[in-house]
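Below, each chain spelled out in residue letters.
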Amino acid sequence: MKRNLYHHKLRAGSAGKPVFFVFHGTGGDENQFFEFGAQLLPDATVVSPLGDVAEHGAARFFRRTAEGVYDMADLDRATQKMATFIAAHRDAHEAGAVIGLGFSNGANILANVLIEFPDLVDTAVLMHPLIRFEPKPAPAPDTRRVLITAGERDPICPVPLTNGLANYLKAQGGTVEMEWHSGGHEIRSNEIEAAKAFLVPHL
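Residues numbered from 1 in each chain as written. Predicted model: local features only at pLDDT ≥ 70, side-chain atom pairs only at ≥ 80, totals over all residues. Heavy atoms only, no water.

Side note on helix α5 (residues 189-199)
Quick note on the threshold: Three labels apply to residues, based on accessible area from a 1.4 Å probe with only protein chains included: buried if under 20% of the type maximum, exposed if over 50%, partly exposed otherwise in between. A run of H or I in DSSP counts as a helix once it spans at least four residues, and a run of E counts as a strand once it spans at least two, with each numbered from the N terminus. The arc in question is traced by the directions running from the helix axis to the C-beta atoms. Contacts: residue pairs with any heavy atoms within 4.5 Å of one another.
For α5, the full list of buried residues reads Glu191, Ala194, Ala195, Phe198 and Leu199. Across the axial projection of α5, the buried residues extend over an arc of 125°, all falling on one side. As for α5, its buried residues are in contact with β2 (19-23), α1 (34-40), β8 (98-103), β9 (123-127), β10 (145-151) and β11 (175-181).

Considerations on helix α3 (residues 105-116)
Condition: Every helix has an expected span of 1.5 Å times one less than the residues it contains.
Here α3 contains twelve residues, and its C-alpha end-to-end distance of 17 Å stays within 8% of the 16 Å for a straight helix at 1.5 Å per residue. With eleven of twelve residues buried, α3 lies mostly within the body of the structure. Taken together, the buried positions of α3 are Asn105, Gly106, Ala107, Asn108, Ile109, Leu110, Ala111, Asn112, Val113, Leu114 and Ile115.

Details of the pairing of strand β3 (residues 45-49)
Put simply, the test is: A pair of strands is treated as paired once DSSP finds two or more bridges between them. Crossover handedness is defined by viewing with both strands directed away from the observer: a clockwise path from the first strand over the helix to the second marks the crossover as right-handed.
In terms of burial, β3 is largely enclosed, as five of its five residues are buried. Alternating positions in β3 separate into two faces, Thr45, Val47 and Pro49 on one and Val46 and Ser48 on the other, with burial throughout. Pairing of strand β1 (residues 8-11) with β3, which is carried by four bridges, proceeds in the antiparallel orientation. Paired with His8 across the strands is Pro49, a residue of β3. As paired elements, β2 and β3 share three bridges and run parallel to each other. The partner of Val19 across the bridge, within β3, is Thr45. Where the polypeptide runs from β2 across α1 and back to β3, its parallel neighbour, the crossover connection is right-handed.

Remarks on the packing of aromatic side chains
Note the threshold: Only rings of Phe, Tyr and Trp enter the pairing, Trp through its six-membered ring, and a pair is recorded when the two centres are within 6.5 Å. The plane angle decides the type: under 30 degrees is stacked, over 60 is edge-to-face, the rest tilted. For a ring to carry a charge above it, either NZ of a lysine or CZ of an arginine must fall within 6 Å of the ring centroid while also lying within 35 degrees of the normal to the ring plane.
Overall, the coordinates contain eight aromatic pairs when judged by the stated rule. On the numbers, 6.3 Å between centres and 55° between planes, the contact of Phe33 with Phe36 is tilted. With relative accessibility at 8%, the residue Phe33 sits in the buried group. Under the relative-accessibility criterion, Phe36 is labelled buried at 17%. Among the aromatic residues, those joined into a ring-pair cluster are Tyr6, Phe21, Phe23, Phe61 and Phe85. Its guanidinium or amino end placed over the ring of Tyr6, Lys81 lies 4.5 Å from that ring's centre, counting from NZ or CZ. Over the ring of Phe198 we find Arg145; its NZ or CZ atom is 3.9 Å from the centre of that ring.

Written out as structure tokens, the structure is:
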């Protein structure tokens, strides 16, 4: 079944409410953001997949050849697979909206789904994403909403690349907001508060 393409945790929500996908970072697992997602959107169906790639034992959603250097063929494979997984759960749960939240590697797979399938996800929270390549034009619905959170001193996700992704997404359509903190590649309280505020329309 397409809903089982990934090992995942699932909490069924109320009929007609959103389906909320949460994506862990490198070395995380399906538990990393599951309860967080359930707290953010208590009526939503929450789906938390486990990445199907292992890097020295650390789970990821796609392969890389070095720090910040993506295996583009595997990224394409993973994006196609993830889009199929998302659509299957959307249809099975008759979701009112499709929402995604990801951190680091989880933000990257979610960002590439936005690039390759711009109509699939209605609202996305990208926490410390890193897209080093030049994305193709992918016009999005005017209703799509994206929040990017990042650290001003993040050694993994440099500020210029974060701003570049934001500018790219803005050019595709919809709403793009940003939330910064003064630190590095870690989630801070203001990011969590920004995500909560951003998702209020879906409560």
